[in-house]
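# Structural characterization, general
Each chain is listed here by its residues.
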Amino acid sequence: MSSLAISLLDLEPDASVCLEAEDYQKRPGKWCAGCGDFGAMNAVKRLLAKEQLQPDRTVFVSGIGCSSRFPHYVNAYGFHGIHGRALPVATGVKLARPELDVFVTMGDGDCTSIGAGHWIHATRYNANMVVMMLDNNIYGLTKNQTSPTTPQGHKSMTSPRGAALPALDPLQATLGVSNASFVAQTADWVPAHLFATLQAAYDHPGFSFIRILQRCPKFTPDVFQEKVQNPDLIELLVHENGVDVPSLEQLFKARRVHDPLNIDDARALAQRRDMLRLGVFYRNDSLPVYEDVRAVPKVSAEEKVARLNKEFERYAV
Ligand code: SF4
């Protein structure tokens, strides 16, 4: 599939029909067996069905990468853009049609390398959308090149002796941006947590950035394996304003109550390397939202013509 593809609806819009999760699947996802993108897709479909989002009022925007194939698979409007440019497109959609629900999928290379400038500014703009950064620590679609989040020492086609630098931490970077309003981390192999995080992001009125740790059995099969096999290496951040899933209490013994409104604690937790932390690091529902502060009053066609005529009269001889 070439870039800049626009996908349209398969469903006839009908708000009176109750939609099931499978109604939002336009066609089966074409990812490798065991790919974490399948788990993300399932969580997205569950959220769309729970909120009964109408496909003709919902837009999925992506850049380039394995996870950027989402717009082709979800039954909604979609825009499969160019590498790193999902966020400016999504911001434009939100400014032109603020009533639409906008979702963005990006990979780690797409977001934190090619699209890094857009990522920083879109975070500051704080337009109301759910942004899923599926982080498999590698460029997968182009077959195994080092990305900014690749662990130091990991070998790839572009770093045959191993990645030279320490990995960029997307949580720390996002938490450092002025006006950042929602920063969370979850994992494709904890479906209940992934769904609850998506729900919190959807409920948040602003730019909801979720880093989804995503398994890539093809090129980075080992990077999350230890954590997948041993839940004791994971600490859940729990809070009523973040994510708290009682059904996970038995499996994940390490739990920390963290108020997501506390930015200093959020930054300190994002810096620590003793455990992998899943949860909402930061959430502030009262920060300025771009489409609200930049709202331009709607003008009717008649009024526009009248204004134009008035302008022309100034030059009449
Ligand atoms: Fe998934 Fe990796 Fe295969 Fe891409 S290359 S579809 S990320 S498993």
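These notes cover the structure that comes with them. None of the values given here were measured: they were computed from a predicted structure.

## Thoughts on the sheet that holds strand 8 (residues 234-238)
Pairing in this open sheet of 10 strands is mixed, and the strands run 1-3-2-4-5-7-6-10-8-9 from one edge to the other. Edge positions in the open sheet fall to strand 1 (5-7) and strand 9 (255-257), since each of these has one partner strand only. In this sheet, adjacent strand axes meet at a mean angle of 20° when their direction is disregarded. As judged from the 5 bridges shared by strand 2 (residues 58-62) and strand 4 (residues 101-107), these two strands associate in the parallel manner. From the neighbouring strand, Val61 faces strand 4, where its bridge partner is Val104. Packed onto the sheet, helix 7 (residues 191-203) meets strand 4, strand 5 (129-135), strand 6 (182-187), strand 7 (207-213), strand 8 and strand 10 (276-283) and runs at close to 165° relative to strand 6.

## Notes on the environment of Arg277
Its place among the elements puts Arg277 in strand 10. Separated by 68 residues in the primary sequence, Arg277 and Phe209 place their C-alpha atoms 15 Å from one another. Not counting the four nearest positions on each side in its chain, Arg277 is found in contact with Gln185, Glu235, Leu237, Arg256, Leu269 and Arg272.

## Quick look at the nonpolar core
Across soluble globular proteins, nonpolar side chains show a tendency to be buried alongside one another. Ranked by internal contacts, the top residues of the largest apolar core, which has 46 residues, are Phe60, Phe70 and Met132. Elements represented by at least two residues in this core include exactly helix 1 (37-50), helix 2 (70-73), strand 5, strand 6, helix 7, strand 7, strand 8 and strand 10. It is helix 1 that contributes the most residues to this core, 7 residues altogether. Every residue in contact with Met132, bar those within four places of it in the chain, is listed here: Val44, Phe60, Phe103, Val104, Thr105, Met106, Leu198, Ile210 and Ile212. Formed by 28 residues, the second largest nonpolar core is a distinct cluster that contains Ala86, Met129, Leu171 and Leu237.

## Thoughts on the pairing of strand 6
The buried fraction of strand 6 is high, at 6 of 6 residues. In this structure, strand 6 lies alongside strand 7, joined through 6 bridges in parallel fashion. Across the sheet, the residue bridging to Thr186 is Ile212, located in strand 7. At this point the chain moves from strand 6, through helix 7, to the parallel strand 7, and the crossover so formed is right-handed.

## Thoughts on the site of the ligand
Inspection of the region around the ligand gives Trp31, Cys32, Cys35, Cys66, Asn136, Gln214, Cys216, Pro217, Lys218 and Phe219 as its neighbouring residues. Considering only residue class, the shell around the ligand consists of 7 nonpolar, 2 polar and 1 charged.

## Quick look at a negative patch on the surface
Side chains of Glu240, Asp259, Asp264 and Asp265 sit close together on the surface and give a patch of like negative charge. Structurally, Glu240 is set in the loop between strand 8 and strand 9.

## Re helix 3 (residues 86-96)
In an α-helix, one turn spans 3.6 residues; hence positions three or four apart end up facing the same way. Among the residues of helix 3, Ala86, Leu87, Ala90, Thr91 and Lys94 are the ones counted as buried. All buried residues of helix 3 project into a common sector of 125° when viewed along the axis, lining one side. Turning to helix 3, the residues buried within the fold contact strand 2, strand 4, helix 5 (116-125), strand 5, strand 7 and helix 10 (290-293).

## Digging into the pairing of strand 10
Remember that side chains alternate between the two faces of the sheet whenever the strand is regular. Burial runs high along strand 10: 8 of the 8 residues are buried. Examined bridge by bridge, strand 6 and strand 10 share 4 bridges and lie antiparallel to one another. Each residue of the ladder has a partner; that of Ala184, found in strand 10, is Val280.

## Some remarks on the environment of Ala122
Tracing the chain through its elements places Ala122 in helix 5. Linking Ala122 and Pro217, residues 95 residues apart in sequence, is a C-alpha distance of 31 Å. When residues no more than four places from it in sequence are discounted, the contact partners of Ala122 are Leu87, Ala127 and Phe207.

Cut-off values and rules
- Residues numbered from 1 in each chain as written.
- Predicted model: local features only at pLDDT ≥ 70, side-chain atom pairs only at ≥ 80, totals over all residues.
- Heavy atoms only, no water.
- Pairing = 2+ DSSP bridges.
- Helix = DSSP H or I, 4+ residues; strand = E, 2+ residues; numbered from the N terminus.
- Axes fitted to C-alpha atoms, helices over the stretch in contact; angles between N-to-C directions.
- Contact = heavy atoms within 4.5 Å.
- Core = buried A, V, L, I, M, F, W, Y, C linked by side-chain atoms within 4.5 Å.
- Buried < 20%, exposed > 50% of the residue type's maximum accessible area, 1.4 Å probe, protein only.
- Right-handed = clockwise from strand over helix to strand, strands pointing away.
- Near = heavy atom within 4 Å.
- Nonpolar A, V, L, I, M, F, W, Y, C, P; charged D, E, K, R; others polar.
- Patch = residues over 30% accessible without salt bridge, like charges linked within 9 Å, V, L, I, M, F, W, Y side chains within 5 Å.
- Areas by Shrake-Rupley, 256 points an atom, 1.4 Å probe, with all protein chains shown as cover.
- Salt bridge = Lys/Arg side-chain N within 4 Å of Asp/Glu carboxyl O.
- Lys, Arg positive; Asp, Glu negative; His and termini not counted.
- Charge placed at Lys NZ, Arg CZ, Asp CG, Glu CD.
- Arc of directions from axis to C-beta.

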